[in-house]
Amino acid sequence: MTAASLKIREISWGPSKGLTLLHPVSFELVPGDCLGVVGANGAGKSTLLRLIYRYLKPRTGQILLDEQDLWRLSARQAAQKVAAVLQEQPTDFALTVREIVALGRRPHASGFSSPAGRDQVIVTKALADMQLQGLQNRRFGTLSGGERQRAMVARALAQEPKLLVLDEPTNHLDIRHQLEILELVRGLPVTVVTSLHDLNMAASLCDTVLVLAGGYPLAFGPPSQVITPEHVDAAFAVQSRLELLQPSGQPHLTFSLPS
Ligand SMILES: Nc1ncnc2c1ncn2[C@@H]1O[C@H](COP(=O)(O)OP(=O)(O)OP(=O)(O)O)[C@@H](O)[C@H]1O
């Protein structure tokens, strides 16, 4: 796996002419960066992610992956570079976990050669990374929410993307598996764009954070400059306080309703 650079230039989107849900957003990520997208419910996080994994076509602007326009690539070429882990899960309940993870290899399938052996090695590694070896022959439909989420991450890893897009990857996961997934994602040699609801987690995980509010970009930059009480209060309509945890000295936000 290798990482891609990502340049987002003035992209916006809306379902119809009169309605804009995401107003122009621009930012750049260097290869290997991890961007956290945060914001209140309905702020536009999933919409931005859908544009980045090429599910929605931007109404304006451009998405450049390694300087290539994402919409000038074929769907298959794009799928060889970008993988997504979404909140909606597949309905292939009858497939086994291993079969679901193997679907990640589909964009790389070639009609001429038979890289099946290599594919199996990659699938086995992805299953092991997500600690799913013991569940690989179980039907997907019989898994718990957390196990399904791990299977979805394993499928994305099997895709060997250069850019990994994750929509709330810690949903359904217990705290141990949350930490494991985040550590794994951080350790991957890919560029990552992830939405996260937990601001303290975003601050400790991400190199860069984008705050969206009402479909507009509110702040972008390193967590120490972006996850501040000023931005958080404006984006979430709360009162937040930045405290320093002892003994680590790590900044930590606490929240209350405005008085
Ligand atoms: N196709 C659509 N037509 C009309 N409205 C839409 C459409 N898609 C999304 N929306 C609306 O756009 C807004 C932004 O949605 P989006 O899913 O991007 O928010 P989000 O920040 O991911 O929210 P959440 O934290 O609740 O998942 C929401 O108000 C949503 O209802």
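Details of the structure are given in the entry above.
Described in the following lines is the structure provided in the data block. Residues take numbers from 1 onward in each chain, read along the sequence in its written order. Owing to the predicted nature of the model, reporting of local features is limited to residues with pLDDT of at least 70; listing and counting of side-chain atom pairs is limited to 80 or more, with chain, interface and lining totals taken over all residues.

### Quick notes on the overall build of the chain
Step number 1: On a plain count of helices and strands, the chain comes out with nine helices and 12 strands.
Step number 2: Radius of gyration here uses only the C-alpha atoms, and the compact-globule reference equals 2.2 Å multiplied by the residue count raised to the power 0.38. Whereas a compact globule of 259 residues would reach a radius of gyration of roughly 18 Å, the chain reaches 19 Å, a difference of no more than 12%.
Step number 3: Overall size of the chain, expressed as C-alpha extent along the three principal axes, is 60 × 45 × 30 Å.
Step number 4: Burial is judged by counting other C-beta atoms within 10 Å of a residue's own C-beta: 20 or more means buried, 12 or fewer means exposed, and anything between counts as partly exposed, with every C-beta placed from the backbone. Residues classed as buried in the chain amount to 38% of the 259 residues present.
Step number 5: Residues are defined as contacting one another if the C-beta atoms placed from their backbone atoms lie within 7 Å. The contacts of the chain with a sequence gap of at least 6 include a subset with a gap of at least 24, amounting to 65%. Segments assigned H or I by DSSP are reported as helices when at least four residues long, segments assigned E as strands when at least two residues long, and all are numbered from the N terminus.

### Points about the sheet that holds strand β2 (residues 22–29)
Step number 1: Pairing within the open sheet is antiparallel, and its four strands lie in the order β2-β1-β4-β5. Single-partner strands in this sheet number two, and they are β2 and β5 (68–69).
Step number 2: As judged from the five bridges shared by strand β1 (residues 6–13) and β2, these two strands associate in the antiparallel manner. Note that in β2 the partner of Ile-8 across the bridge is Phe-27. Strand pairing is assigned whenever DSSP detects at least two bridges linking the two strands.

### Section: the site of the ligand
Step number 1: In the vicinity of the ligand, the contacting residues are Pro-15, Leu-21, Gly-39, Asn-41, Gly-42, Ala-43, Gly-44, Lys-45, Ser-46 and Thr-47.
Step number 2: When residues are sorted by character, Ala, Val, Leu, Ile, Met, Phe, Trp, Tyr, Cys and Pro go into the nonpolar class, Asp, Glu, Lys and Arg into the charged class, and all the rest, Gly among them, into the polar class. For the shell around the ligand, the class distribution of residues is three nonpolar, six polar and one charged. What makes a residue near a molecule or strand is its C-beta atom, placed from the backbone, lying within 6 Å of it.

### Notes on the packing of helix α4 (residues 116–129) against helix α5 (residues 145–158)
Step number 1: In this analysis, axes come from line fits to C-alpha atoms, helices being fitted only over the stretch in contact, and the angle between any two N-to-C directions falls in the range 0 to 180 degrees. The geometry of α4 relative to α5 is characterised by a closest axis approach of 8 Å and an angle of 145 degrees between their N-to-C directions. Once α4 is placed against α5, the crossing between them reads as right-handed. Contacts between α4 and α5 involve Ile-122, Val-123, Ala-126, Leu-127 and Asp-129 from the former and Ala-154, Leu-157 and Ala-158 from the latter.
Step number 2: In terms of residue class, the contact of α4 with α5 is made up of seven nonpolar, no polar and one charged. By convention the crossing between two helices is left-handed if the near helix lies anticlockwise of the far one by an angle smaller than a right angle, and right-handed if it lies clockwise.

### Regarding the nonpolar core
Step number 1: Of all hydrophobic cores here, the largest spans 70 residues; its most connected members are Val-101, Ala-126, Ala-154, Val-165 and Ala-202.
Step number 2: Ala-202 has contacts with Gly-36, Val-38, Leu-196, Val-209, Pro-223 and Ile-227, leaving out every residue within four places of it along the chain. Joining buried Ala, Val, Leu, Ile, Met, Phe, Trp, Tyr and Cys residues through C-beta atoms within 7 Å gives a set, and that set is a nonpolar core.

### A word on the environment of Leu-257
Step number 1: With respect to the helices, strands and loops of the structure, Leu-257 is situated in the segment after β12 (251–256).
Step number 2: According to the C-beta neighbour criterion, Leu-257 is exposed, with 7 such atoms within 10 Å.
Step number 3: When the C-alpha atoms of Leu-257 and Ala-237 are compared, they prove to be 7.7 Å apart, with 20 residues separating the residues in sequence.

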